[in-house]
Amino acid sequence: MNVSFFGIGELTATFQASGEVEVGNPVKISGNGVVEACSGANDVPIGVAVSRKDGYAGVQLKGYVRLPAAAGLSVGWKKISLTKDGAVQAGEAGREVLVVDVAEGMCGLML
């Protein structure tokens, strides 16, 4: 039996996109209704860009997503932010998510 978390509780909203927002990458809020790509150490993503067109981005705010994982990340409820390389790391500050799987440098999160 295979397990899949894709599609569970997904919520996507449209934001104005600033800068280099790319599909599949985490984004952060940068202004009123505006997102930009996460680009620095300890950035806290609001979600993951799932579409981009004409200056707007569809951002998945809830549900299951897969992102690169930093070394040492483990499953369970974690406060997450990103490393300078864009990998998910756990720490004292950040957005609380459920990390449901970690393998081969990737992790699955329930936002």
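Above this text is the structure in question.
Scoring rules and cut-offs
- Residues numbered from 1 in each chain as written.
- Predicted model: local features only at pLDDT ≥ 70, side-chain atom pairs only at ≥ 80, totals over all residues.
- Heavy atoms only, no water.
- Pairing = 2+ DSSP bridges.
- Helix = DSSP H or I, 4+ residues; strand = E, 2+ residues; numbered from the N terminus.
- Phe/Tyr/Trp six-rings, centres within 6.5 Å; stacked < 30°, edge-to-face > 60°.
- Buried < 20%, exposed > 50% of the residue type's maximum accessible area, 1.4 Å probe, protein only.

Turning our eyes to something else, we now look at the pairing of strand β1 (residues 11–18). Taken residue by residue, a regular strand's side chains alternate between the two faces of the sheet. For β1 and strand β5 (residues 56–62), the ladder comprises six bridges, and the chain directions are antiparallel. By the bridge assignment for β5, Phe15 is matched with Ala57. The pairing of β1 with strand β3 (residues 34–37) spans three bridges and is classified as parallel. Its bridge partner lying in β3, Ala17 is registered against Val35.

On to the packing of aromatic side chains. Using the criterion set out here, one finds two aromatic pairs in the structure. Ring plane angle 90 degrees and centroid distance 4.8 Å describe the contact between Phe6 and Tyr64, whose orientation is recorded as edge-to-face. Taken together, the residues Phe6 in the segment before β1 and Tyr64 in strand β6 (residues 64–68) connect sequence positions 58 residues apart. Relative accessible area serves as the criterion here: at 53%, Phe6 is assigned to the exposed category. Owing to a relative accessible area of 5%, Tyr64 belongs among the buried residues under this scheme. Of the aromatic side chains, those joined through ring pairs into one cluster are Phe5, Phe6 and Tyr64.

Such coordinate-based values are descriptive only and should not be taken to indicate function.
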